[in-house]
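Here is what each chain is made of, one letter per residue.
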Amino acid sequence: AAFGDGPLRVNLAARFIPDKDPMTFVLAASMMHANPKPEFRFIGAGPLEADMKRALDSMGVRATFPGWKPSPLEDFTHNDVLVLPSLWEGLPWLLLEAQARGIPTVASNIPGNAYALADGAYGDLFPKGDAAALALLLDNAVANLDGLRAKAERGRKDLPGRFGPRAFWNGLQDAMRAVRETEPAHV
């Protein structure tokens with residue numbers, strides 16, 4: 001990653017709504033065994049914010065809520081980890097943007113996230129809604145952040161070949177070739 005150092009932080013960047021499942025991350029933060037625990041940061045806003053703050057407070061987990069940011073990954077450092085615990089996503093732009101920046105990522109194992117992270121090749125995946133599994137992955141990430149950084153770096157290097165203009169045009173050409181091969185010959 002080509003960005004500066006900072007404190008070890010685990011971040012959620014999302015709307016605080018049920019589909020994004022921020023409460024799984026809240027619970028996972030309280031279940032982590034890492035000592036010292038990383039900083040927890042919740043970037044975004046939404047109707048679950050008050051519930052999240054109450055839950056964190058009741059579990060004794062300190063967290064910051066900087067609010068909504070138009071570019072939530074802009075101030076990530078070499079020591080930041082992104083968490084995306086969503087219950088549903090299409091192809092999440094946030095994960096692609098994180099890959100482009102080489103940001104270590106942990107996400108729920110749903111189709112859109114798994115596709116973006118190449119089934120775990122570019123970040124760690126956990127079963128959706130499973131706070132214990134997420135806590136374990138985050139403990140492992142804190143203990144061996146270089147391993148998760150290496151996955152993120154592979155994702156950064158491979159991203160243009162998977163989703164860039166060349167990949168788009170190659171896919172389009174392959175689709176057109178397949179159509180031509182299945183068309184009946186005109187007499």
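Residues numbered from 1 in each chain as written. Predicted model: local features only at pLDDT ≥ 70, side-chain atom pairs only at ≥ 80, totals over all residues. Heavy atoms only, no water.

Visitor: Where do I start with the overall build of the chain in this structure?
Guide: Counting its regular elements, the chain contains seven helices and six strands. Expressed along its principal axes, the backbone C-alpha trace of the chain runs to roughly 75 × 35 × 30 Å. Counting the 187 residues in the chain, one finds 46% classified as buried. Counting only contacts in the chain whose residues sit at least 6 apart along the sequence, the fraction spanning at least 24 positions is 67%. A total accessible area of about 9,800 Å² is found for the chain, and carbon and sulfur atoms account for 57% of it. Between the centroid of the 20 positive side chains of the chain and the centroid of its 22 negative side chains there is a distance of 3 Å. (Helix = DSSP H or I, 4+ residues; strand = E, 2+ residues; numbered from the N terminus. Buried < 20%, exposed > 50% of the residue type's maximum accessible area, 1.4 Å probe, protein only. Contact = heavy atoms within 4.5 Å. Areas by Shrake-Rupley, 256 points an atom, 1.4 Å probe, with all protein chains shown as cover. Lys, Arg positive; Asp, Glu negative; His and termini not counted. Charge placed at Lys NZ, Arg CZ, Asp CG, Glu CD.)

Visitor: Before we go on, may I ask you to explain the packing of helix 3 (residues 93-101) against helix 6 (residues 145-163) in this structure?
Guide: In the contact formed by helix 3 and helix 6, the axes pass within 7 Å of each other and the chain directions differ by 115°. Along this stretch, helix 3 crosses helix 6, giving a crossing that reads as left-handed. Between helix 3, through L96, Q99, A100 and R101, and helix 6, the contact on the second element is made entirely by A152, G155, R156, L159, R162 and F163. (Axes fitted to C-alpha atoms, helices over the stretch in contact; angles between N-to-C directions. Left-handed = near helix turned anticlockwise from the far one by under 90°.)

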